[in-house]
Amino acid sequence: DQIKKERSIVLAEIKARRDEIINLGMDIMRQTIYKKHPYRLQNLGTERALLNINRLGLLNFYKTMCIPQNTYITVVGDMGCNKIFDSLSKYFNKFNGSHLVPEINITEPMQQEQREKEKKKQGEQALVMIGFPTISANDPHRYTFDVLTAILSDLGSRLIMNIREKRGLAYYVGSFFREGFDPGM
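Numbering of residues starts from 1 in each chain and follows the order in which that chain's sequence is written. pLDDT decides what is reported in this predicted model: residues at 70 or higher carry local features, side-chain atom pairs at 80 or more are listed and counted, and totals for whole chains, interfaces and linings draw on all residues regardless. Water and hydrogen atoms were dropped before computing side-chain values, which therefore reflect all heavy atoms in the structure.

### As for the overall build of the protein
Put simply, the rule reads: Numbering of helices and strands starts at the N terminus; helices are DSSP runs of H or I of at least 4 residues and strands are runs of E of at least 2. Atoms counted for the radius of gyration: C-alpha only. Globule rule: 2.2 Å times residue count to the power 0.38. Here's how the labels work: a residue is buried when its accessible area is under 20% of the maximum for its type, exposed when over 50%, partly exposed in between, all with a 1.4 Å probe on protein chains only. The contact definition used throughout considers only heavy atoms, calling two residues in contact when any of these lie within 4.5 Å. Each accessible area is a Shrake-Rupley result for a 1.4 Å probe, and residues are judged covered by the shown protein chains and nothing else. Positive charges are assigned to Lys and Arg, negative charges to Asp and Glu, while His and the chain termini are left out of the count. Lysine's charge is taken at NZ, arginine's at CZ, aspartate's at CG and glutamate's at CD.
Summing up its helical and strand segments, the protein has seven helices and zero strands in all. Along its sequence from the N terminus, the protein presents helices and strands in the succession α-α-α-α-α-α-α. In terms of C-alpha radius of gyration, the protein reaches 22 Å, well past the compact-globule figure of 16 Å for 185 residues. Principal axes of the C-alpha set define a box for the protein whose edges measure 65 × 40 × 35 Å. The proportion of buried residues among the 185 residues of the protein is 17%. Restricting to contacts in the protein with at least 6 residues of sequence separation, those with at least 24 account for 69%. Accessible area for the protein stands at about 15,200 Å²; split by element, carbon and sulfur atoms hold 55% of it. The averaged location of the 21 negative side-chain charges in the protein is 5 Å from the averaged location of its 27 positive side-chain charges.

### A look at the nonpolar core
The following threshold applies: Buried Ala, Val, Leu, Ile, Met, Phe, Trp, Tyr and Cys residues form a nonpolar core when they are joined through side-chain atoms within 4.5 Å.
By size, the foremost hydrophobic cluster in this structure holds five residues: Met26, Met29, Ile33, Tyr34 and Met185. Ignoring sequence-local partners within four residues, the contact set of methionine 29 consists of Met129, Ile130, Gly131 and Met185.

### Comments concerning the pattern of salt bridges
Let me state the cut-off plainly: We define a salt bridge as a contact between a side-chain nitrogen of Lys or Arg and a carboxyl oxygen of Asp or Glu at a distance within 4 Å.
For the structure on display, the rule yields seven salt bridges. One salt bridge in this structure joins arginine 18 and glutamate 47, with 2.5 Å as the shortest N-O distance. Of this pair, arginine 18 sits in helix H1 (residues 2–19) while glutamate 47 sits in helix H3 (residues 47–51); the two residues are 29 residues apart in sequence, bridging distant segments of the chain. Among the salt bridges present, the one from arginine 30 reaches aspartate 27, with a minimum N-O distance of 2.8 Å. Here arginine 30 pairs with aspartate 27, and both are found in helix H2 (residues 21–33), just three residues apart, close to one helical turn. Residue arginine 30 shares its accessibility class with aspartate 27, and that shared class is buried. Through salt bridges with shared partners, a single ionic network connects Arg17, Asp27 and Arg30.

### Overview of the packing of aromatic side chains
Pairs of aromatic rings are described using the distance from one ring centre to the other and the angle between the two planes. Rules: Only Phe, Tyr and Trp rings are paired, with Trp represented by its six-membered ring, and only when their centres lie within 6.5 Å; those with planes under 30 degrees apart are stacked, over 60 edge-to-face, the remainder tilted.
All chains considered together, the criterion is met by one aromatic pair. With a centroid separation of 5.4 Å and 80° between ring planes, the pair formed by tyrosine 34 and tyrosine 39 is classed as edge-to-face. Accessibility expressed as a relative area gives 23% for tyrosine 39, which makes it partly exposed.

### So, the side chain of arginine 7
For arginine 7, the position within the fold is in helix H1. Other than its neighbours up to four places away in sequence, arginine 7 contacts Leu50, Leu51 and Ile53.

### Some thoughts on the environment of glycine 131
Note on placement: glycine 131 falls in the loop between helix H5 (81–92) and helix H6 (142–153). Given the relative accessible area of 38%, glycine 131 is considered partly exposed. Sequence-wise, glycine 131 and valine 173 are 42 residues apart; in three dimensions their C-alpha atoms are separated by 13 Å. Residues in contact with glycine 131, not counting those within four places in the same chain, are Met29 and Ile33.

### A few points about a positive patch on the surface
Definition in use: For patch building, the residue pool is restricted to those with more than 30% relative accessible area and no salt bridge; the joining distance is 9 Å between like charges and 5 Å between nonpolar side chains (Val, Leu, Ile, Met, Phe, Trp, Tyr).
Where like charges cluster on the molecular surface, the positive patch consists of Lys35, Lys117, Lys119 and Lys121. Taking relative accessible area as the criterion, lysine 119 reaches 53% and is therefore assigned exposed.

### Notes on the side chain of serine 153
Operational definition: Throughout this description, a polar contact denotes any pair of N or O atoms lying within 3.5 Å of each other; where both atoms belong to protein, one of them has to be capable of donating a hydrogen while the other can accept it, and for residues adjacent in sequence the pair is counted only when both atoms sit in side chains.
Assignment of secondary structure puts serine 153 in helix H6. A polar atom in the side chain of serine 153 sits 2.7 Å from the backbone oxygen of serine 175. Every residue in contact with serine 153, bar those within four places of it in the chain, is listed here: Ile160, Tyr172, Gly174 and Ser175.

Laid out in structure tokens, this is it:
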């Protein structure tokens, strides 16, 4: 059964993700920063959710989501785009869909106090992450964050030179910026 096969693959990926300290830390960071927003969720899902997936649920999802109103087609390369679109329209015109996907608008509540989360894990590595909500991908300051991230994460940056090379306090020090349509982290 194809569903069981794919389920076992994804379950193994979830387990492997928990075994890697950086991935575990990112998951905990997202859950700590976001209390309501879907950004808090692991994109692979949870064991519980995967175990509840069945053929009927997949068919209902397909009928709801895979409809003409939700379809995007991109053609790239040295080819006759109009000819390709004409050809594809023969197949996509067979779609029979009448549902529009409801727009999901979840606003993350304003953080009122510092949030901390600790997770004990066996091993020789330790991980400290400091995060905060940032701006959305549409914010005009987005590129400022991109430059700041590059400056703080470059292997020759003052941050790394001071903390890693000079003081020997960490193997890696860096920064990342995860933007989305809603403010990221």
